[in-house]
Amino acid sequence: MDPVVVPLLVAIIVVVFLMASTVRIVPQARRYNIERFGRYRRTLQPGLNLVLPVADRINTKLDVREQVYSSDPRPVITEDNLVVNIDTVLYYQITDPRAAAYEVADYLQAIDQLTVTTLRNVIGSMDLEETLTSREEINSRLRAVLDDATGKWGIRVNRVEIKAIDPPHTIKEAMEKQMRAERDKRAAILHAEGERQAKILTAEGTKQKDILEAQGTQQAMILRADGEAKAVELVFQAVHRNNADPKVLAYKYLETLPHLASSDNNTFWVIPGELTEAVRTVTSAFGDQSTASPPHTAQAETASADDTSGEGPVPALEADLSLSLDAAAAAEEAEKQAAAAVSDAKAEAEAAKSTQAPPRRERTSGG
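A quick note: this is a predicted structure, and the numbers were derived from the prediction, not measured. (Residues numbered from 1 in each chain as written. Predicted model: local features only at pLDDT ≥ 70, side-chain atom pairs only at ≥ 80, totals over all residues. Heavy atoms only, no water.)

This brings us to the nonpolar core. Ile86, Leu90, Leu119, Ile138 and Ile155 are the most contacted members of the largest nonpolar core, which totals 29 residues. Counting only elements with at least two residues in this core, the list comes to β8 (83–94), α3 (107–123), α5 (135–150) and β9 (155–166). Residues within four places of Ile138 in sequence aside, it is in contact with Leu119, Val122, Ile123, Met126, Thr131 and Ile162. If you look at the next biggest cluster of nonpolar residues, it comprises five residues, including Tyr32, Ile34, Leu44 and Val51. (Core = buried A, V, L, I, M, F, W, Y, C linked by side-chain atoms within 4.5 Å. Buried < 20%, exposed > 50% of the residue type's maximum accessible area, 1.4 Å probe, protein only. Helix = DSSP H or I, 4+ residues; strand = E, 2+ residues; numbered from the N terminus. Contact = heavy atoms within 4.5 Å.)

This is the structure we're talking about:
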C-alpha cells in the first residue's frame with residue numbers, strides 16, 4: 001500500500017468526525033444547553049445548529065412542553081389531629097432551560113418537597129371536614145406558593161390538583177355511617193311529606209264530599225218542604241172551597257194528634273193549646289145533635305099530639321136520649337184518645353231523651 005494513502009484516509013476520517021461534531025440538530029420543543037470548556041455558552045434552539053467540535057459539548061437536554069408530575073401519597077395532620085394521606089398532580093413547564101439546569105440540582109425533587117411542606121402548612125390550619133370540602137382553596141394556595149418558588153428555577157407551575165385525600169379507616173366508617181344516617185333522614189322526610197300530602201288531599205276530598213252531600217240534603221229538604229207546603233196549600237184551599245163542617249175539622253185535628261211524637265228523632269214534643277178547644281168542639285158538635293134536629297122534635301111533638309093512648313111520646317124520648325148518650329160517649333172517647341196520644345208522646349219523648357247524650361227540655365204549651 002502506498003504510504004500516502006494511509007495518512008490521507010486518516011485525514012478524511014478526522015474531517016468527517018469534526019464535521020459531524022460541528023452540526024447539532026435539535027428537535028422541536030427541545031432545548032440543549034451547550035458548555036464550552038465546562039462553562040455555559042448558550043442554549044440551542046430547534047433546528048440545525050453549529051458548535052465547535054471538542055470545545056463545545058451538550059450538558060443537558062430539556063423538554064419545554066408542559067409536563068405532568070404525580071407525587072406519592074404523603075401523610076398530613078389536620079387541625080383536629082387526624083392523619084390523612086394526600087397525593088397531588090402537578091402541571092409545570094420549563095420556561096428557562098439555563099435556570100432549570102443550573103439554578104437547581106433536581107427540580108422535580110425540589111418541587112415535590114415544596115409541595116409536601118406547603119400541603120402540611122395549608123392542611124394544618126383546617127379540620128377534616130373543611131379539608132374535604134375546600135379542595136379549590138387548597139389548590140389555589142398551593143399553586144401560588146409553588147409558582148412563586150419555582151419562578152427563579154425557570155419553571156412555571158400551571159396547575160396543582162389534589163388527586164386523593166384518604167382519611168383513616170375508622171374515619172371512613174364514621175363518615176359512611178353519617179352519610180347513611182343523612183340518607184335515612186332524607187328518606188324519612190320525603191316519606192313524611194308524601195303522607196302529609198296524601199292526608200291533605202284525602203281531607204280535601206272528604207271536605208268536598210261532605211259539602212256536596214250537605215248541598216244535596218239541603219236541596220232535597222227544600223224540595224220536600226216545597227212539596228209539603230204546596231200539599232198543605234192545596235188541602236187548605238180544598239177545605240175552604242168545600243166549606244167543610246167544623247165537626248169534620250175538629251175530628252181531623254184529633255186524628256192527627258197521636259202522630260205528633262211518632263218520629264224516632266224527636267227529643268221533645270209540643271201539645272198544642274187548641275187541644276181542649278178541639279175536644280170541646282167535638283163534644284158540643286155531637287152533644288148538640290139531639291137539640292139541633294128539628295125533624296126529630298117535630299116528629300116527637302106530632303106523635304105526642306096524635307097519641308091518645310099515652311104511650312106515643314116514648315119512642316121519641318128514647319131516641320133523643322140515645323142521641324145524647326151517643327154524643328156524650330163520642331166526646332168521652334175523643335177525650336180518652338187525646339189523653340192516650342199525649343201520654344204516648346210523653347213516653348216516646350222520655351225514651352228518646354234517655355238514649356241521647358245531650359238532654360233537651362220538653363216544652364208544652366197549654367190552651
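What follows is about the sheet that holds strand β2 (residues 30–36). In space, the three strands of this open sheet follow the order β3-β2-β5, with antiparallel pairing throughout. If you trace the sheet from one side to the other, it starts and ends with β3 (39–44) and β5 (56–63), each paired once. For this sheet, the mean inter-axis angle between neighbouring strands, taken without regard to orientation, is 25 degrees. Taken together, the seven bridges between β2 and β5 define a ladder with antiparallel strand orientation. Looking across to β5, one finds that Tyr32 is bridged to Lys61. (Pairing = 2+ DSSP bridges. Axes fitted to C-alpha atoms, helices over the stretch in contact; angles between N-to-C directions.)

Right, let's talk about the confidence of the model for the protein for a bit. Overall, the prediction assigns the protein a mean pLDDT of 75, with 66% of residues at 70 or greater. Overall, residues 288–324 carries pLDDT values under 50, and its contacts beyond four positions in sequence, including any with other chains, amount to 11 contacts. Below a pLDDT of 50 lies the segment residues 356–367, which in the model reaches 20 contacts outside its immediate sequence neighbourhood of four places, other chains included. (pLDDT = per-residue confidence, 0-100.)

Further remarks concern the side chain of Ser71. Here Ser71 lies in the loop between β6 (67–70) and β7 (74–77). Given a relative accessible area of 10%, Ser71 falls into the buried group. Only 3.0 Å separates the side chain of Ser71 from the side chain of Thr88, close enough to count as a polar contact. Leave out the neighbours within four places in its chain, and Ser71 touches Asp87, Thr88 and Asp112. (Polar contact = N/O pair within 3.5 Å; in protein donor to acceptor, adjacent residues only side chain to side chain.)

Another point: the environment of Val116. The residue Val116 is located in helix α3 in this model. By relative accessible area, which is 8% here, Val116 ends up buried. Distance from Val116 to Val76, taken between C-alpha atoms, is 8.5 Å for residues 40 residues apart in sequence.

Let us look at the packing of α3 against α5. Interhelical geometry of α3 versus α5 gives an angle of 140 degrees and a closest axis separation of 10 Å. Taken together, α3 and α5 sit at an angle that is classed as oblique. Note on packing geometry: the crossing formed by α3 with α5 is right-handed. Across from Ile111, Leu114, Thr115, Thr118, Leu119, Val122 and Ile123 in α3, the residues of α5 making contact are Ile138, Arg141, Leu142, Val145, Leu146, Ala149 and Thr150. Residues that form the contact of α3 with α5 fall into these classes: 10 nonpolar, three polar and one charged. (Parallel < 35°, antiparallel > 145°, perpendicular 65-115°, else oblique. Left-handed = near helix turned anticlockwise from the far one by under 90°. Nonpolar A, V, L, I, M, F, W, Y, C, P; charged D, E, K, R; others polar.)

Moving on, we get to the packing of aromatic side chains. In this structure the tally under the stated criterion is two aromatic pairs. Between Tyr92 and Tyr107, the aromatic rings sit 6.1 Å apart at their centres with planes inclined by 65 degrees, giving edge-to-face as the arrangement. Of this pair, Tyr92 sits in strand β8 while Tyr107 sits in helix α3, and the two are 15 residues apart along the sequence. Using a relative accessible area of 4% as the deciding quantity, one classes Tyr92 as buried. (Phe/Tyr/Trp six-rings, centres within 6.5 Å; stacked < 30°, edge-to-face > 60°.)

Residues Lys177, Arg180, Arg183 and Arg186 make up a contiguous surface patch of positive charge. The topology assignment puts Arg180 in helix α6 (residues 169–242). On the basis of relative accessibility, which here comes to 42%, the residue Arg180 falls in the partly exposed class. (Patch = residues over 30% accessible without salt bridge, like charges linked within 9 Å, V, L, I, M, F, W, Y side chains within 5 Å. Areas by Shrake-Rupley, 256 points an atom, 1.4 Å probe, with all protein chains shown as cover. Salt bridge = Lys/Arg side-chain N within 4 Å of Asp/Glu carboxyl O. Lys, Arg positive; Asp, Glu negative; His and termini not counted. Charge placed at Lys NZ, Arg CZ, Asp CG, Glu CD.)

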